[in-house]
Amino acid sequence: MIRFWLHLFFVLGWLGFWEPVEARRARFKPIPPKPKKTETEKAIERLAPGQNINIDQMSGKWYLLSVASRCRNLLESGFKVESTTVTWTITGDKVSVSTVRKLNFQCWEIKQDYMKTKTPGQLFLKGKRPTENMDIMVLETDYSSYAMLVLKRAGKMTMKLYGRSSEVPDNIVDKFEFRAKTFNLGLDVIFQYPDYGFCESTEKVLGKI
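Residues numbered from 1 in each chain as written. Predicted model: local features only at pLDDT ≥ 70, side-chain atom pairs only at ≥ 80, totals over all residues. Heavy atoms only, no water.

Digging into the side chain of S69
Thought 1: Position of S69 relative to the elements: it lies in the loop between strand 1 (60-68) and helix 4 (72-76).
Thought 2: By relative accessible area, S69 is classed as buried at 2%.
Thought 3: A polar side-chain atom of S69 sits 3.0 Å from a polar atom in the side chain of T158.
Thought 4: What S69 contacts, discounting residues up to four positions off in sequence, is L74, T158, L185, V189 and F191. (Helix = DSSP H or I, 4+ residues; strand = E, 2+ residues; numbered from the N terminus. Buried < 20%, exposed > 50% of the residue type's maximum accessible area, 1.4 Å probe, protein only. Polar contact = N/O pair within 3.5 Å; in protein donor to acceptor, adjacent residues only side chain to side chain. Contact = heavy atoms within 4.5 Å.)

Re empty space enclosed by the protein
Thought 1: Throughout the structure, instances matching the rule amount to 1 cavity of 30 Å³ or more.
Thought 2: Looking at the largest cavity, its volume works out to about 30 Å³.
Thought 3: Within the lining of the largest cavity, the residues separate by chemical class into 6 nonpolar, no polar and no charged. (1 Å grid on protein atoms, 1.4 Å probe; cavity = no way out; pocket = protein on both sides within 12 Å on 5 of 7 lines; lining within 4 Å. Points joined across faces, edges and corners; volume = space filled by probe spheres on them. Nonpolar A, V, L, I, M, F, W, Y, C, P; charged D, E, K, R; others polar.)

Re helix 5 (residues 170-181)
Thought 1: Taking 1.5 Å of rise per residue, the 12 residues of helix 5 would be expected to cover 16 Å, and the 17 Å separating its terminal C-alpha atoms lies within 8% of that figure.
Thought 2: Where helix 5 is buried, its residues contact strand 1, strand 7 (146-153), strand 8 (156-163) and strand 9 (190-192). (Expected span 1.5 Å × (residues − 1).)

Thoughts on the pairing of strand 2 (residues 84-91)
Thought 1: Of the strand pairs in this sheet, strand 1 and strand 2 are connected by 4 bridges, and their pairing is antiparallel. Across the sheet, residue G60 finds its bridge partner in strand 2, namely W88.
Thought 2: Here strand 2 pairs with strand 3 (residues 94-103) via 8 bridges, running antiparallel. Across the sheet, the residue bridging to T84 is R101, located in strand 3.
Thought 3: The antiparallel pairing of strand 2 with strand 3 creates a hairpin that spans 2 residues between the two strands, and G92 there sits at a positive phi of about 65°. (Pairing = 2+ DSSP bridges.)

This is how it looks when you write it as structure tokens:
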């Protein structure tokens, strides 16, 4: 009788540890390797602000001249963009940004608060979700006539060229286009903004986002 119970215990134990081959394969299925990053993705990761950028000198009004981006909204708009100005007001570690542009034939003001970071020349905009957080970097500027900025979010980037007036020298435009090309943003995705029709006042205000 004892031998019978020992044999039964052994069989039940063996059945408890046994599982179909398919189940074992599913449980121990190897994790596929992560796809290798492209050279463009590596370049975006290595992006850093220009040297010795002083954010405080960026205060005041800027005209948006060009945008290099694969943003779906821009691509779907068929290059129909509106004249846009941006005003930076800097108080301590906070950079209040007021963007004025036309939307549906009305002049809108969009308010945002960027925060300075420990990295000179780099700002941070907190989104509603972590995936919406954005890094803003000043790549190059002379503070008095032009500024090139990069906006990074979720591994994607947009480059923007601003001017203190609605025009900048051709060599600055060429430099902007050359730098954009290094991030696979060619002329086919560079949007030139109008240098006329700017809003003198606003009819609608969109609060801080």
